[in-house]
Amino acid sequence: MRTQAKRHDSGAQERTVRASISFPEEQYQVLERIAAENKVSLAWVVRDAIDGYLKAKWPLLPQGTDVEDA
């Protein structure tokens, strides 16, 4: 996987990792429809879903903390 540094408006850098993920075709079509309806990228939909999952699974995990560090 490839890591990249991404700058936020505040000037702070956040490390990002690029990943290739496969979905069953039906799930992928639903994700594409959600993205189109909300005028966002499919990647944004997936990141938002993962964010929600992590908040539900580990609600005490501080934002910006790597799961590995918890």
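This report concerns the structure included in the present document. (Residues numbered from 1 in each chain as written. Predicted model: local features only at pLDDT ≥ 70, side-chain atom pairs only at ≥ 80, totals over all residues. Heavy atoms only, no water.)

Turning our eyes to something else, we now look at the pattern of salt bridges. Under the counting rule described, the total for this entry stands at 2 salt bridges. Ionic pairing is found between Glu 37 and Arg 33, a salt bridge with its closest N-O pair at 3.4 Å. Of the two residues, Glu 37 and Arg 33 are both situated in helix α1 (residues 25-38); the distance of 4 residues between them amounts to about one turn of the helix. Of the residues examined, Arg 33 reaches a relative accessible area of 48% and is grouped as partly exposed. A salt bridge links Lys 55 to Asp 51, with the shortest nitrogen-to-oxygen separation between them at 3.0 Å. Taken together, the residues Lys 55 and Asp 51, both in helix α2 (residues 42-57) and 4 residues apart, mark about one turn of the helix. The exposure class of Lys 55 is partly exposed, given its relative accessible area of 45%. For Asp 51, a relative accessible area of 30% translates into the label partly exposed. (Salt bridge = Lys/Arg side-chain N within 4 Å of Asp/Glu carboxyl O. Helix = DSSP H or I, 4+ residues; strand = E, 2+ residues; numbered from the N terminus. Buried < 20%, exposed > 50% of the residue type's maximum accessible area, 1.4 Å probe, protein only.)

Once that is clear, we can look at the packing of α1 against α2. α2 packs onto α1 with a crossing angle of 105 degrees between their chain directions and a minimal axis gap of 8 Å. On the basis of the axis angle, α1 is roughly perpendicular to α2. On the side of α1, the interface is formed by Tyr 28, Leu 31, Glu 32, Ile 34 and Ala 35, while α2 contributes Leu 42, Val 45 and Val 46. Broken down by class, the residue content of the contact of α1 with α2 amounts to 7 nonpolar, no polar and 1 charged. (Axes fitted to C-alpha atoms, helices over the stretch in contact; angles between N-to-C directions. Parallel < 35°, antiparallel > 145°, perpendicular 65-115°, else oblique. Contact = heavy atoms within 4.5 Å. Nonpolar A, V, L, I, M, F, W, Y, C, P; charged D, E, K, R; others polar.)

Further remarks concern α1. Counting along an α-helix, one turn takes 3.6 residues, and residues three or four places apart therefore face a common direction. Along its 14 residues, α1 runs 20 Å from first to last C-alpha, staying within 8% of the 20 Å computed at 1.5 Å per residue. Phi for Lys 39, located one or two positions after α1, is positive at around 55 degrees. (Expected span 1.5 Å × (residues − 1).)

With that settled, the discussion passes to the packing of aromatic side chains. Per the counting criterion, the structure on display carries 0 aromatic pairs. Residue placement shows Lys 57 over the ring face of Trp 58; its charged tip is 5.9 Å from the ring centre. (Phe/Tyr/Trp six-rings, centres within 6.5 Å; stacked < 30°, edge-to-face > 60°. Lys NZ or Arg CZ within 6 Å of the ring centre and 35° of its normal.)

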